[in-house]
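Architecture at a glance
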2 protein chains.
Amino acid sequence: MNSTSEGLTTTLKQAGLRLTPQRIAICRLLGESHTHPTADSIYLEVHTQYPSLSRMTVYNTLRALVDLGAVNALGSAGDDAIHYDGNTDPHINVACISCHRIEDVPARQVVDLNALVARETGFKLLGARVLYYGFCPACQKSTH
Amino acid sequence: MNSTSEGLTTTLKQAGLRLTPQRIAICRLLGESHTHPTADSIYLEVHTQYPSLSRMTVYNTLRALVDLGAVNALGSAGDDAIHYDGNTDPHINVACISCHRIEDVPARQVVDLNALVARETGFKLLGARVLYYGFCPACQKSTH
DNA sequence: TTTTGTGCAAACGTTTTGCAATTAT
DNA sequence: ATAATTGCAAAACGTTTGCACAAAA
C-alpha cells in the first residue's frame, strides 16, 4: 500500500533513516494529498509550517523515498518539474500538459504488471510511471 | 503506427512543417533505432553526419513531434534527461536507473488503454508514458 | 519571394554539490 | 556522544529564449 503518511515514515525509519520533523511533514503531504506534487510545490506548502525548511531537504527526502520505492516519480506534466505520486498501488495517471495537473484515472482494468515485467526482463523494479498526457476538458475549451 | 522514419516525416509535412535535412535525419534516427534516445544522444549521433547541426534544432524537432503525438516523451531514466520513444504503439518500457537504458518489454498483455482513459476522463490525449524503472540484470551484479 | 527553420550565445529554472551548524538517535 | 540531516550558497545541468542568417516552399 504505502499510500499513507504513516506508511511513508515507517518506510524511512525501517531503512535506517532519521525521522526529522521536516521529513514527517513531507511524508504527510505526500500521503494525504492526491495532487501529485512537485518538489517545489511540496516546498511551498510545507514551508508555511516550517519556515526554515529548505528546498534541499525536500529533494533529499524525495530521493530517499523514490530510492526506497515508496513514492513513484511520474515525470514532467508539461512543466519541467518532476511530479511525484505517494500512491504506489497499480493505477493510471493522466496529466494535462496545459495546466500541469495530474489526476488518477478511475479505471479498474489496470492490473499489476510489476511481476510480469520483472519476470520478463530480469529487472529489480523500484517503481512505475503509468501516465497518459494531453489536454484536460477545461484546457480544451480555453486554449484549444 | 508512426514508428517508421517515413511515418514521422509524413506527420511533420502534413502538419505544415518544413522537411529540412536535419529534421529528416532526426526522424530517421527516431524511427530506426530502438534506443529511446535523449535530445543530447540524438544531437551527438546526427551531428556526425551534419556537423553544423545545433542542439536547438533537435529540441525544436522533438517538441514538434511530441506535440503532434508522433513521439512519446518517456521522461528521465535516472539521468536527468528526457528519453523519447518513436514507437507510439501500446507497449511497456523498462528503464535502468543505473545505466540509464530503456528497453521494450516483450509482453503481449498490454492493451490499448488510450480509448478507455480518454472516455473516463474527457482528456484529449497526445501520448503515453508506460514505464517501469529499477535495476537491469547487469547493474544488479555490479553496483548492487 | 516570403515565410519558416537554423544556429549561436546567453538566460532560465530545476536540481545537485560542498560545507558548517544543527539535531535525532 | 555521534553520526546523520539540515540549510545556505554556489554551481551544474538540460532546456528554452531572442535574434540574424540561411533555406524550404
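Scroll up to find the structure.
Residues numbered from 1 in each chain as written. Chains lettered and ligands numbered in written order. Predicted model: local features only at pLDDT ≥ 70, side-chain atom pairs only at ≥ 80, totals over all residues. Heavy atoms only, no water.

1. Digging into the relation of the copies chain A and chain B
Going by this rule: What sets the superposition is a least-squares fit of C-alpha atoms, and only residues with pLDDT of at least 70 in both copies go into it. In this description, contact between two residues means that some pair of their heavy atoms is separated by no more than 4.5 Å.
Between chain A and chain B, the superposition needs a rotation of 180 degrees and an axial shift of 0.0 Å, giving an RMSD of 0.0 Å. Taken together, the rotation angle and the small translation identify this as a two-fold axis. Residue Val130(A), judged by its C-alpha, is the member of chain A lying nearest the rotation axis, at 2.2 Å. Looking at chain A, 98% of its interface residues are interface residues in chain B too, so the copies touch through the same face.

2. Brief notes about the packing of helix α2 (residues 21–32) of chain B against helix α4 (residues 55–67) of chain B
All names here are of chain B. Heads up, the condition is: Every axis in this analysis is a line fitted to C-alpha atoms, fitted for helices over the stretch in contact. Angles between the N-to-C directions lie between 0 and 180 degrees. Think of it this way: any DSSP run of H or I at least four residues long counts as a helix, any run of E at least two long counts as a strand, and we number them from the N terminus. Whether a crossing is left-handed or right-handed is set by the direction in which the near helix is turned from the far one by less than a right angle, anticlockwise for left-handed and clockwise for right-handed. Basically, the charged four are Asp, Glu, Lys and Arg, the nonpolar ten are Ala, Val, Leu, Ile, Met, Phe, Trp, Tyr, Cys and Pro, and anything else, Gly included, counts as polar.
Their axes nearest at 10 Å, the elements α2 and α4 cross at an angle of 65 degrees. For the crossing formed where α2 meets α4, the hand is right-handed. Here α2 contributes Gln22, Arg23, Ile26, Cys27 and Leu30 to the contact with α4, which in turn contributes Thr57, Val58, Asn60, Thr61, Leu62 and Leu65. Its residues placed into classes, the contact of α2 with α4 shows six nonpolar, four polar and one charged.

3. Focus on the interface of chain A and chain B
Interfaces are frequently sized by the accessible area removed from exposure as the parts join. Going by this rule: The buried area of a pairing is the accessible area, by a 1.4 Å probe, that goes missing from both parts when the two are put together, added over both. Here, strands pair whenever DSSP counts at least two bridges between them.
Residue-level contacts link 41 residues of chain A with 40 residues of chain B. Summed over both sides, the interface between chain A and chain B buries roughly 3600 Å², with carbon and sulfur atoms accounting for 66% of that surface. Taken together, the elements giving at least two residues each to the side of chain A that touches chain B come down to β1 (72–75), β3 (93–96), α5 (114–121), β5 (124–135) and α6 (137–142) of chain A. Ranked by residue count, the leading element in the side of chain A that touches chain B is β5(A), at 12 residues. Looking at side-chain class alone, the side of chain A that touches chain B contains 26 nonpolar, 11 polar and four charged residues. When β5(A) meets strand β5 (residues 124–135) of chain B, the two strands line up antiparallel, connected through 11 bridges. Paired with Tyr132(A) across the strands is Ala128(B), a residue of β5(B).

4. A short note on the protein's contact with DNA strand C
Note the cut-off: We call a residue near a molecule or strand as soon as one heavy atom of that residue lies within 4 Å of the molecule or strand. What qualifies as a polar contact is a pair of N or O atoms within 3.5 Å, subject to a donor-acceptor requirement within protein and to the restriction that residues adjacent in sequence count only when both atoms come from side chains.
Around DNA strand C sit 21 residues in total, of which Tyr59(A), Arg18(B), Thr20(B), Ser52(B) and Thr57(B) are the nearest. The sugar-phosphate backbone supplies 66% of the atoms of DNA strand C found within 4 Å of the protein. Backbone polar atom of Leu19(A) to a phosphate oxygen of DNA strand C: 3.1 Å apart, as the coordinates give it. Among the secondary structure elements, those contributing two or more residues to the surface near DNA strand C are α4 (55–67) of chain A together with α2 and α4 of chain B. Of the residues in the surface near DNA strand C, the class split is 10 nonpolar, six polar and five charged.

5. Comments concerning the nonpolar core
Inclusion rule: Each nonpolar core is a collection of buried residues, namely Ala, Val, Leu, Ile, Met, Phe, Trp, Tyr and Cys, held together in the definition by side-chain atoms within 4.5 Å. The classification of residues rests on relative accessible area computed with a 1.4 Å probe and restricted to protein chains. Under 20% of the type maximum is buried, over 50% is exposed, and intermediate values are partly exposed.
Ranked by size, the top nonpolar core spans 30 residues in total, and within it Val117(A), Tyr132(A), Val117(B) and Tyr132(B) carry the most contacts. Elements with a contribution of two residues or more to this core: β3, α5 and β5 of chain A together with β3 (93–96), α5 (114–121) and β5 of chain B. With near-sequence residues (within four places) excluded, Tyr132(A) lies in contact with Ile92(A), Asn93(A), Val94(A), Ala95(A), Leu113(B), Asn114(B), Val117(B), Leu125(B), Gly127(B), Ala128(B) and Val130(B).

6. A short note on the pattern of salt bridges
Residues and elements named next belong to chain A. To keep things clear, this is the line we draw: Just to be clear on terms, a salt bridge is a Lys or Arg side-chain nitrogen sitting within 4 Å of an Asp or Glu carboxyl oxygen.
Within the structure shown, the criterion is met by two salt bridges over all chains. The salt bridge involving Arg55 is made with Asp40; its shortest N-O contact spans 2.7 Å. Taken together, the residues span a long stretch of sequence, with Arg55 in helix α4 and Asp40 in helix α3 (residues 39–49) at a distance of 15 residues. Classification of Arg55 by relative accessible area gives partly exposed; the value is 37%.

7. Some points on the pairing of β3(B)
Remember that side chains alternate between the two faces of the sheet whenever the strand is regular. All names here are of chain B. The alternating pattern of β3 places Asn93 and Ala95 and Val94 and Cys96 on opposite faces, both of which are buried. Bridge count between β3 and strand β4 (residues 102–104): three bridges; the pairing is antiparallel. Looking at the pairing, Val94 lines up with Glu103 of β4. Hairpin connection of β3 to β4: five residues between the antiparallel strands, including His100 at a positive phi of 65 degrees. Relative to β5, β3 runs parallel, the two being bridged by four bridges. Pairing of Ala95 across the sheet is with Tyr133, part of β5.

8. Observations concerning unusual backbone geometry
Even without glycine at this site, His36(A) takes up a positive phi of about 50 degrees. Mapped onto the elements of the fold, His36(A) is located in the loop between α2 (21–32) and α3. Take His36(A): its relative accessible area is 3%, and that puts it in the buried class. Although it is not a glycine, His100(B) sits at a positive phi angle of roughly 65 degrees. Mapped onto the elements of the fold, His100(B) is located in the loop between β3 and β4.

9. Regarding the protein's contact with DNA strand D
Around DNA strand D lies a shell of 21 residues, among which Thr20(A), Ser52(A), Thr57(A), Arg18(B) and Tyr59(B) are the nearest. A breakdown of the atoms of DNA strand D within 4 Å of the protein gives sugar and phosphate a share of 67%. Residue Ser52(A) places a main-chain N or O atom 2.9 Å away from a phosphate oxygen belonging to DNA strand D. A distance of 2.9 Å is found between a phosphate oxygen of DNA strand D and a side-chain nitrogen or oxygen belonging to Tyr59(B). Here the surface near DNA strand D is built from residues that sort into 10 nonpolar, six polar and five charged.

Nothing here speaks to function; it is all geometry.
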